[in-house]
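Analysis of the macromolecular model
Here are the chains, one letter per residue:
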Amino acid sequence: GIQVEQSPPDLILQEGANSTLRCNFSDSVNNLQWFHQNPWGQLINLFYIPSGTKQNGRLSATTVATERYSLLYISSSQTTDSGVYFCAGPTQGGSEKLVFGKGTKLTVNP
Amino acid sequence: EPEVTQTPSHQVTQMGQEVILRCVPISNHLYFYWYRQILGQKVEFLVSFYNNEISEKSEIFDDQFSVERPDGSNFTLKIRSTKLEDSAMYFCASRLKGYTGELFFGEGSRLTVL
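About the criteria used
Residues numbered from 1 in each chain as written. Chains lettered and ligands numbered in written order. Predicted model: local features only at pLDDT ≥ 70, side-chain atom pairs only at ≥ 80, totals over all residues. Heavy atoms only, no water. Contact = heavy atoms within 4.5 Å. Buried area = accessible area lost by both parts, 1.4 Å probe. Salt bridge = Lys/Arg side-chain N within 4 Å of Asp/Glu carboxyl O. Helix = DSSP H or I, 4+ residues; strand = E, 2+ residues; numbered from the N terminus. Nonpolar A, V, L, I, M, F, W, Y, C, P; charged D, E, K, R; others polar. Pairing = 2+ DSSP bridges. Axes fitted to C-alpha atoms, helices over the stretch in contact; angles between N-to-C directions. Patch = residues over 30% accessible without salt bridge, like charges linked within 9 Å, V, L, I, M, F, W, Y side chains within 5 Å. Areas by Shrake-Rupley, 256 points an atom, 1.4 Å probe, with all protein chains shown as cover. Buried < 20%, exposed > 50% of the residue type's maximum accessible area, 1.4 Å probe, protein only. Disulfide = S-S within 2.5 Å.

To continue, consider the interface of chain A and chain B. On the chain B side, the residues contacting the 20 residues of chain A number 24 residues. Across the chain A to chain B interface the summed buried area is about 1900 Å²; carbon plus sulfur atoms make up 50%. Together, Leu43, Glu96 and Phe100 of chain A form the three largest contributors to the area buried by chain A at its contact with chain B, with a combined 34%. Summed over the shared surface of chain A and chain B, the result is zero salt bridges. Breaking the side of chain A that touches chain B down by element, the ones donating at least two residues are β4 (33-37), β5 (43-48) and β10 (98-100) of chain A. Along the lines of polarity and charge, the residues of the side of chain A that touches chain B split into seven nonpolar, 10 polar and three charged.

Structure follows, in structure tokens:
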């Protein structure tokens, strides 16, 4: 099945800093999502982005499907951005399940 | 905005007890899923459900687990005889289209087995 690698595993920022999180896939994907897991464990949908670029406030994401990676940009980070960021893509062979990466744990300090 | 809702948010149970986790998917969605996340680990797929039957399940989803859509709105996950290692966050998800549609997750049900 597909392998999903996320980097960096941990990231510590000062409030106001920008960051880029990366997600690499072992195979091409046609369905890619980014999630934020807050400190209470809730999974929040950030982006559904099989290809191209999308923006939502201070967050934006870019997926280059042919190169098998996606990037999540966080600008002017806030303490509420802390948590774990996951990307997920479909496994191959007609399966419906999403395969998650191990996540990037982001800590934003005041 | 429509959302997937899950109950309970947290359940504590004794080993060997039956547990039912409930989910109300987004109303016009057709594909339903359960995922789970053991503390500190990745989110893992358990089962997918479409047209009133299981369409796919993982090796985790053994005979102790079952899913049901008892009416037009609820989607449940039952664990018949809980084990310590079933302690995890369980997420329900739904989407309109299979395979390529955006997946929407509920806020999760945290299960603690003592």
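Turning our attention to the sheet that holds strand β7 (residues 59-64) of chain A. Residue and element names in this part refer to chain A. Spatially, five strands are ordered β1-β3-β8-β7-β6 in an open sheet, and the strand pairing comes out antiparallel. Each having just a single partner strand, β1 (4-7) and β6 (52-56) make up the two edges of the open sheet. On average, each strand axis in the sheet is tilted by 15° relative to the strand beside it, whichever way the strands run. Direction of pairing for β1 relative to strand β3 (residues 19-25): antiparallel, over a ladder of four bridges.

Along the chain, Ser7 of chain A connects to Pro8 of chain A via a cis peptide bond; the corresponding omega equals -10°. Within the secondary structure layout, Pro8 of chain A lies in the loop between β1 and β2 (10-14). Across the junction of Thr7 of chain B and Pro8 of chain B, the peptide omega takes the value -10°, indicating a cis bond. Despite not being glycine, Ser76 of chain A has its phi angle at roughly 45°, a positive value.

Below, the discussion takes up a nonpolar patch on the surface. Residue and element names in this part refer to chain B. Judged by side-chain polarity, Leu30, Tyr50 and Leu96 come together as a nonpolar surface patch covering roughly 260 Å² of accessible area. Tracing the backbone through its elements, the reader meets Leu96 in the loop between β9 (88-95) and β10 (104-105). Classification of Leu96 by relative accessible area gives partly exposed; the value is 40%.

This paragraph deals with the state of the cysteines. In total, this model carries two disulfides over all chains according to the counting rule given. What pairs with Cys23 of chain A in a disulfide is Cys87 of chain A, and their sulfur atoms sit 1.9 Å apart. Disulfide Cys23 of chain A-Cys87 of chain A: the torsion about the S-S bond is 80°, which places it as right-handed. On the criterion of sequence distance, the pair formed by Cys23 of chain A in strand β3 and Cys87 of chain A in strand β9 (residues 83-90) is long-range, its members being 64 residues apart. Cys23 of chain A gets classed as buried once you look at its relative accessible area, which sits at 0%. Of the residues examined, Cys87 of chain A reaches a relative accessible area of 0% and is grouped as buried. Sulfur-sulfur distance for the disulfide between Cys23 of chain B and Cys92 of chain B comes to 1.9 Å. Its torsion about the S-S bond being -65°, the disulfide of Cys23 of chain B and Cys92 of chain B is classed as left-handed. A residue pair is termed long-range when its members are at least 10 positions apart, and Cys23 of chain B in strand β3 (residues 19-24) and Cys92 of chain B in strand β9 qualify at 69 residues. For Cys92 of chain B, a relative accessible area of 0% puts it in the buried group.

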